[in-house]
Amino acid sequence: GVSLEHVTSLSHWLVREGVLVAVESDRYYTVGAVGVLRERLALGMDGGREYSPSELREVLDLTRKFLIPFLEYCDREGYTFRSASGARKRGT
């Protein structure tokens, strides 16, 4: 069988090859999926206002389980940022 160690090694290799994106340490999306989600985020947000996670959940059509890690990834990558109130704005 395939061990978790082999899956982890393969996942890390696919990240290095540019096939996968590590959204969290143990959650990976394809580069294409991240691109689609980023496009939805950009189209669904007006740069001049703040958005709550629940509003962005509707924009991205993700459950909270997948939404929060993706938004945290977007913050780390500079696509969005968190304001003092916890809402998010699209990066400039």
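Residues numbered from 1 in each chain as written. Predicted model: local features only at pLDDT ≥ 70, side-chain atom pairs only at ≥ 80, totals over all residues. Heavy atoms only, no water.

Undergrad: How would you sum up the overall build of the protein chain? Please name residues and give values.
TA: Along the protein chain, the regular secondary structure elements total four helices and four strands. Counted from the first residue to the last, the protein chain has its helices and strands arranged as α-β-β-α-α-α-β-β. When the backbone C-alpha atoms are referred to their principal axes, the protein chain occupies close to 50 × 20 × 20 Å. Looking at the protein chain as a whole, 28% of its 92 residues qualify as buried. Residue pairs in contact within the protein chain that sit at least 24 positions apart in sequence constitute 37% of those at least 6 positions apart. Carbon and sulfur atoms form 53% of the exposed surface of the protein chain, whose accessible area is close to 5,900 Å². Averaging the locations of the 13 positively and 13 negatively charged side chains of the protein chain gives two centres separated by 3 Å. (Helix = DSSP H or I, 4+ residues; strand = E, 2+ residues; numbered from the N terminus. Buried < 20%, exposed > 50% of the residue type's maximum accessible area, 1.4 Å probe, protein only. Contact = heavy atoms within 4.5 Å. Areas by Shrake-Rupley, 256 points an atom, 1.4 Å probe, with all protein chains shown as cover. Lys, Arg positive; Asp, Glu negative; His and termini not counted. Charge placed at Lys NZ, Arg CZ, Asp CG, Glu CD.)

Undergrad: With reference to specific residues and values, describe the packing of helix α2 (residues 31–44) against helix α3 (residues 53–60).
TA: Two elements in contact, α2 and α3, have axes whose closest approach is 9 Å; the angle formed by their N-to-C orientations is 120°. As summarised for this structure, α2 and α3 are arranged oblique, according to the angle between their axes. In terms of crossing hand, the pair formed by α2 and α3 is right-handed. In this structure, α2 uses L37, R40, L41 and G44 to contact α3, whose residues at the interface are L56, V59 and L60. Residues of the contact of α2 with α3, tallied by class, amount to five nonpolar, one polar and one charged. (Axes fitted to C-alpha atoms, helices over the stretch in contact; angles between N-to-C directions. Parallel < 35°, antiparallel > 145°, perpendicular 65-115°, else oblique. Left-handed = near helix turned anticlockwise from the far one by under 90°. Nonpolar A, V, L, I, M, F, W, Y, C, P; charged D, E, K, R; others polar.)

Undergrad: Please set out the packing of aromatic side chains residue by residue, giving values where relevant.
TA: A complete count under the given rule lists three aromatic pairs for this structure. With a centroid separation of 6.0 Å and 35° between ring planes, the pair formed by F70 and Y73 is classed as tilted. Placement of both F70 and Y73 in helix α4 (residues 64–77) is noted, with a separation of three residues, approximately one turn of the helix. Judged by relative accessible area, F70 falls into the buried class, the value being 0%. (Phe/Tyr/Trp six-rings, centres within 6.5 Å; stacked < 30°, edge-to-face > 60°.)

Undergrad: How would you sum up the environment of T63? Please name residues and give values.
TA: Tracing the backbone through its elements, the reader meets T63 in the loop between α3 and α4. Separated by 24 residues in sequence, T63 and A87 have C-alpha atoms that sit 17 Å apart.

Undergrad: Describe in detail the nonpolar core, supporting the description with residues and values.
TA: Most often, soluble globular proteins have nonpolar side chains that are buried together. Of all hydrophobic cores here, the largest spans 17 residues; its most connected members are L41, L56, L60, L67, F70 and Y73. When contributions to this core are tallied by element, the ones reaching two or more residues are β1 (20–24), α2, α3 and α4. The element best represented in this core is α4, accounting for six residues. Filtering out sequence-adjacent residues up to four positions away, L67 remains in contact with P53, L56, R57, L60 and L62. (Core = buried A, V, L, I, M, F, W, Y, C linked by side-chain atoms within 4.5 Å.)

Undergrad: Lay out the packing of α3 against α4 in plain terms, naming residues and giving numbers.
TA: Contact geometry for α3 and α4: axes closest at 10 Å, N-to-C directions at 100°. Comparing the axis directions of α3 and α4 gives the class roughly perpendicular. Facing α3, whose interface residues are P53, L56, R57 and L60, α4 presents R64, L67, I68, F70 and L71. Tallied by class, residues from the contact of α3 with α4 come to seven nonpolar, no polar and two charged.

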